[in-house]
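Structural features, examined
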Amino acid sequence: MRLWIGLHLPLLPLEVFAPSWSTDSGSVVLERERVLLASPSALDAGVHAGMRRGGVVMLLPDARVHVRAPALEADALRAVALTLLQYTPQVTDGQEATLLLDVGASLRLFGGVRALCRRVHASVRALGFTASLACAPTARGAWLMARANAGRVVQVESLLRRLDRLAVALMPASRPFADWFDGIACRTLGDLRRLPRPGLQRRCGRALLDELDAAYGLTVELFKWISPPETFRARLELYDRIDDAELLLAGAQCLLAQLTGWLCARQLAVERIVLQLEHERGRVARAPTCVDVVLAEPTWRDEHLVRLLRERLGRLALEAPVIGLALEAMQVRPMAPPNASLFPEPGGSDDDRMRMLELLAARLGAENVLQPLPLADYRSEQANVWVPVQQKVSDKARNAQLPSDLTSLPRPTWLLPSPIALLMKGHYPFYGTPLRLASSAERIEAGWWDGPEARDYFIAEGQDHALYWVYRERIGTGEDGPRWFLHGLFG
């Protein structure tokens with residue numbers, strides 16, 4: 001089924017300066033020295049569309065007055081389009097602050113048209129924009145209904161009835177002839193359809209009929225789809241100086257939403273991102289503060305990245321106010337589809353466990369969340385090292401093969417950080433109680449390249465039947481004979 005979502009941003013000229021999630025302190029946008037849009041607090045103070053600058057300053061002396069910036073609006077629309085690529089690869093610019101999404105092939109993936117519309121609306125709202133959203137079987141129909149905020153229709157029959165009630169002025173090609181249409185009492189698209197087509201074409205041109213036919217699905221429409229860039233780097237100018245790192249999360253979420261759309265469109269997963277916190281420029285310029293996030297497992301969803309950045313920013317102390325943010329994807333790889341099991345194991349998947357470890361590393365510090373790295377070495381204290389969970393294991397360590405006979409030998413559950421020297425009582429090593437040797441000797445001689453070790457290891461049993469892993473030195477014995485050490489505990 002062919003279905004389009006039309007997304008109109010009616011407050012785009014204002015919200016490029018004052019996003020919907022920012023504090024409203026009275027913002028006004030001027031075009032040709034007259035008010036085009038005003039924030040709610042400015043409207044409450046008496047500011048209205050068409051008012052001159054002087055009237056705005058008189059009613060609201062502290063108002064933030066901006067001149068309309070088409071370049072900023074175009075950048076913001078591209079950011080919204082990049083974000084929406086996570087829902088469909090077919091996104092096109094419908095002109096006049098409107099985007100069109102062909103979502104017919106995405107409905108089942110996202111749980112139907114209602115659920116998909118809610119997600120699209122939430123994504124746009126997270127970017128700080130107010131959206132008017134509509135659905136229709138035709139692209140031009142969705143465009144018109146989004147401009148009129150006319151809701152959703154799925155069936156063609158419903159679309160025809162809904163379009164017939166829309167105002168003629170919504171169609172761009174009809175606006176130069178608005179006075180003529182008003183003079184003949186042609187106020188809706190239904191009235192327009194009832195006019196003779198030959199006379200309408202001679203009077204208004206072919207463009208008006210083409211728009212009308214496209215809206216009602218009587219002609220084929222061609223589109224130029226938005227293509228994502230080869231690499232990702234997005235920037236956001238903050239609207240005030242921020243001294244608290246935790247307050248930067250809202251802006252970072254906007255950039256992460258764009259990253260998600262870019263990753264889905266390019267079929268990539270990200271392994272490392274860098275968030276740059278930009279400080280003052282000019283004579284007091286400072287180098288940006290970089291927040292480097294390295295992932296143990298590649299991801300293309302922003303929920304996990306948001307949690308990691310929240311923890312990192314919560315632990316960050318800013319040395320200077322932040323005036324801008326920039327996000328860059330430093331390492332990416334092709335997206336691997338999820339490998340779902342027919343009978344999922346309880347406790348979550350490996351990816352879920354890895355995300356939990358990454359979240360702990362962001363909260364506690366990478367140096368406090370470690371993973372074991374087995375090495376091919378007979379010496380117990382050298383056979384395993386602890387490295388951060390986010391550290392990439394080298395190919396040499398990954399391909400190292402443990403000795404084939406090592407896994408069949410008994411090893412203690414707990415290995416002490418360093419061996420403990422034992423006393424000798426009655427020719428037996430002593431640790432609280434005399435220790436009785438319960439196994440034959442396992443001789444380990446290794447490490448000739450970095451300090452040789454020659455030891456005889458035994459399993460020893462105390463009077464409380466606890467088992468210990470002890471060894472006797474074969475090199476460098478003491479005056480009273482070979483020295484004994486406790487190295488591990490069983491059970």
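For the structure itself, consult the block above.
Summary of the structure given here. (Residues numbered from 1 in each chain as written. Predicted model: local features only at pLDDT ≥ 70, side-chain atom pairs only at ≥ 80, totals over all residues. Heavy atoms only, no water.)

Thoughts on the packing of aromatic side chains
This structure, assessed with the given rule, holds eleven aromatic pairs. With 5.8 Å between their ring centres and 45° between their planes, F232 and W262 make a pair best called tilted. You can see F232 sitting in the loop between α11 (206-215) and β8 (233-242) and its partner W262 sitting in helix α12 (residues 249-266), a full 30 residues away along the chain. Residue class for F232 comes out buried when judged on its relative accessible area of 3%. With 4.2 Å between their ring centres and 25° between their planes, Y457 and W469 make a pair best called stacked. Remark: W469 occurs in strand β20 (residues 467-473) and Y457 occurs in strand β19 (residues 453-461); sequence separation between them is twelve residues. We classify Y457 as buried; its relative accessible area is 2%. Judged by relative accessible area, which is 2%, W469 ranks as buried. By the ring-pair criterion, three or more aromatic residues cluster together here, those being Y457, W469, Y471 and F485. Across from the ring centre of Y216, 4.1 Å away, lies the NZ or CZ of R193, which sits over that ring. The residue whose ring lies beneath K425 is F430, and the NZ or CZ to ring-centre distance is 4.1 Å. (Phe/Tyr/Trp six-rings, centres within 6.5 Å; stacked < 30°, edge-to-face > 60°. Helix = DSSP H or I, 4+ residues; strand = E, 2+ residues; numbered from the N terminus. Buried < 20%, exposed > 50% of the residue type's maximum accessible area, 1.4 Å probe, protein only. Lys NZ or Arg CZ within 6 Å of the ring centre and 35° of its normal.)

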